[in-house]
Each structure stands twice: as C-alpha cells, then as structure tokens.
Amino acid sequence: MTYNNKPNPDDRSDNVEKLQAMITNTIENMEAAEESLALTDSETQRQQIEAKNERRRESIESFRSEVKDEANNQG
C-alpha cells in the first residue's frame, strides 16, 4: 500500500472570492442574531448574542484586511 504524501498546490487564485463570501455570510449571521435580540427577554442570551456579534465584527475586519493583502499580492 502506497500513500501519496505530496502537498496540495498552493492555489490562491480564488482567495479574494472566498474571503468576500465569508464576509457576506458573517454579516448575514450578525443580522439574524440582531433580529433574535428583539425576540428574547433573557438578559443572558442578549449578552451572549451581543458578545458573539462583537467577535463577528472583529472577524469581518480581519477578513477585509486579508482581502486587501490578497488583492495587493495578485496585482
């Protein structure tokens, strides 16, 4: 039995598109979470949702920074 241990080629050609899709998905998740805030009376749940959305905002900023880096490297 032989195993192919070759690494996958480093194909970064679609990184910008993937990052932009992740930004879009994260924004959609944030919006859904914001809508759920209106439906909850639980202060604990409210704090959890707000904390998660804050982490999502940080992720979006990181994604956007990566998009800029990738765009600069492709040009």
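Up top is the structure these notes are about.
The model shown is predicted, which means the values in this text are computed figures rather than measured ones. (Residues numbered from 1 in each chain as written. Predicted model: local features only at pLDDT ≥ 70, side-chain atom pairs only at ≥ 80, totals over all residues. Heavy atoms only, no water.)

Some words on the nonpolar core
Core analysis: the largest hydrophobic core is formed by 7 residues, namely V16, L19, I23, M30, I60, F63 and V67. When contributions to this core are tallied by element, the ones reaching two or more residues are α1 (15-37) and α2 (43-74). For this core, the leading source of residues is α1, giving 4 residues. (Core = buried A, V, L, I, M, F, W, Y, C linked by side-chain atoms within 4.5 Å. Buried < 20%, exposed > 50% of the residue type's maximum accessible area, 1.4 Å probe, protein only. Helix = DSSP H or I, 4+ residues; strand = E, 2+ residues; numbered from the N terminus.)

Some details on the pattern of salt bridges
Enumeration over the complete set of coordinates arrives at 4 salt bridges. Close ionic contact of R57 with E34 constitutes a salt bridge, the shortest N to O distance being 3.8 Å. Of this pair, R57 sits in helix α2 while E34 sits in helix α1; the two residues are 23 residues apart in sequence, bridging distant segments of the chain. Two residues, E54 and R57, come together in a salt bridge whose shortest N-O distance is 3.3 Å. Taken as a pair, E54 and R57 lie in helix α2 at a separation of 3 residues, close to a single helical turn. Residue class for E54 comes out partly exposed when judged on its relative accessible area of 39%. (Salt bridge = Lys/Arg side-chain N within 4 Å of Asp/Glu carboxyl O.)

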